[in-house]
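# Coordinate analysis (summary)
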Amino acid sequence: NLPARLPVLFDHDGSADDFISLLLLLTMETVELQGVSITPADCYAEQAVETTLKLLDLRQRSAVPVSVGHCHGVNAFPAEWRAKPRILNALPALINLPVDLARVDARPGAVFLRDKLAAATQPVTVLLTGPCTNLVHALELAPELVTQIARVVWMGGAVDVGGNVRTYNHDGSAEWNVFWDPLAAQRLLTFHLPLTLIPLDVTNTVPVDRAFLQALAQHAVHPWACLAGQFWATTVDTIPAYEYTYFMWDVLATSYLAIPDAFGLETLELSITPTGPSAGRTRRALGSGHWVEVARTVNQAAFYAYLFGQLTQP
Ligand code: AGV
Ligand code: CA
């Protein structure tokens, strides 16, 4: 009598840490991954599909269905960021793996998510590590399916800290996943589903620094630790270098599924700024009625220990 596993739908947007999140998710014995959809936000979809299929194959999970979203953000990611996943597909561990694009689900991401939610035999956890547009479109197609969602866990937002958008006419208060499509983010709040946000407030406390990468490299005999280390190594070239640190953005959000007790949460009323210089800002809004569970702290030692343990599995 095995304990019931947590059914999960995963929507990601193809950056390096989105793929490390996929790897991590595939190490979780407690998770039953029912589908992956891709948001063409911090990636170009054709590269992201390829990496997704290859990682599923490597983990012997080729039967997990994969779909691509046809959505467009209001505020596009920089092309240099979107093109970076090409490096992942050129790494020795991935470059020679065959890709069967016929395996990609013909339905657009939103329709795919809608159908997966409709077919679920118990409420599903939806993990989002990019913008929330695919899910919001799915719920626009079939709002009654909110009851099929046990919880949405979303890496996004910056509540009491500065954002990470640095672009023309923006005041820097927004986090990128929200900024890409602020209207979808605001719409997500209005569905009043159980929503846990993993914002920059908490991800800022878990950097991907050199000491971490050095520690991970000590475990490079383990294939998943090695691959994750290589993925992270593709992220250290940002200019200006002195300002740059990559954080455990998506990986922290993914870990929440397995180690929720390591997080400190607060339930807040939020609202999203739709347009203007603060577009995409997730601000406290007393009386908005949009209650969200916001992760504010994480037990760092517990998180890093969990990550190392999972990535050093056979
Ligand atoms: O804002 C964090 C989100 C996460 O989902 N993404 C990257 C993570 O996958 C956008 C982002 C912020 N800074 C970036 C980002 C950077 N320097 N390079 C690529 N993407
Ligand atoms: Ca992402």
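As shown above, the structure is provided for reference.
Residues numbered from 1 in each chain as written. Chains lettered and ligands numbered in written order. Predicted model: local features only at pLDDT ≥ 70, side-chain atom pairs only at ≥ 80, totals over all residues. Heavy atoms only, no water.

## Comments concerning the site of ligand 1
Threshold: Throughout, the term near means that a residue has one or more heavy atoms lying within 4 Å of the molecule or strand in question. N or O atoms within 3.5 Å of each other form a polar contact, as long as, within protein, one can give a hydrogen and the other can take it, and as long as residues adjacent in sequence are counted only when both atoms are side-chain atoms. Computed by Shrake-Rupley with a 1.4 Å probe, the accessible areas treat only the displayed protein chains as cover when residues are assessed. We count a stretch as a helix when DSSP gives it H or I for four or more residues in a row; a strand needs E for two or more, and each element gets its number in order from the N terminus. Three categories are distinguished: nonpolar for Ala, Val, Leu, Ile, Met, Phe, Trp, Tyr, Cys and Pro, charged for Asp, Glu, Lys and Arg, and polar for the others, with Gly belonging to the last.
In the vicinity of ligand 1, 14 residues are found, and the nearest of them are D17, D42, N164, E175 and D250. Within the side chain of N177, an N or O atom sits 3.0 Å from an oxygen atom of ligand 1. In isolation ligand 1 offers 430 Å² of accessible surface; the protein chains occlude 93% of this area. When residues of the shell around ligand 1 are traced back to their parent elements, those giving at least two are α1 (16–25), α8 (176–179) and α13 (249–256). The residue makeup of the shell around ligand 1, split by class, is 5 nonpolar, 4 polar and 5 charged.

## What to know about the pairing of strand β9 (residues 263–272)
To keep things clear, this is the line we draw: One bridge is not enough; two strands pair if DSSP finds at least two bridges between them.
As defined by bridge partners, β9 adjoins strand β11 (residues 291–298) across 7 bridges and the pair is classed as antiparallel. The residue of β11 that forms the bridge with F263 is V298. Judged from the 3 bridges that link them, β9 and strand β10 (residues 282–284) form a sheet pairing that is antiparallel. In the strand pairing of β10, S271 is matched with R283.

## Quick look at unusual backbone geometry
The criterion, for reference: The buried label applies to any residue whose accessible area, calculated with a 1.4 Å probe on protein chains only, is under 20% of its type's maximum; exposed applies above 50%, and partly exposed to all values in between.
At Q60, a position not held by glycine, the phi torsion is positive, near 55°. Summarising the element assignment, Q60 is placed in the loop between α2 (45–58) and β3 (66–68). You can call Q60 exposed: its relative accessible area is 72%. In this structure, N169 is a non-glycine residue whose phi angle is positive, near 60°. Here N169 is to be found in the loop between β5 (149–155) and α8.

## Things to note about the packing of aromatic side chains
As a reminder of what qualifies: To pair, rings of Phe, Tyr and Trp, with the six-membered ring standing in for Trp, must have centres within 6.5 Å; the planes then decide the type, stacked if under 30 degrees apart, edge-to-face if over 60, and tilted in the middle. Distance and angle both matter: a charge sits over a ring if NZ of Lys or CZ of Arg is within 6 Å of the ring centre and within 35 degrees of the ring normal.
Applying the stated criterion across every chain yields a total of 11 aromatic pairs. Where Y256 meets F263, the ring centres are 5.1 Å apart and the plane angle is 85°; that geometry is what we call edge-to-face. When the ring of F303 is compared with that of Y304, the centres are 5.2 Å apart and the planes differ by 55°; the resulting orientation is tilted. Under the relative-accessibility criterion, F303 is labelled buried at 0%. For Y304, a relative accessible area of 19% corresponds to the buried category. By the ring-pair criterion, three or more aromatic residues cluster together here, those being F212, W232, F303, Y304 and F308. Sitting above the plane of the W224 ring, R59 keeps its charged end 4.5 Å from the centroid.

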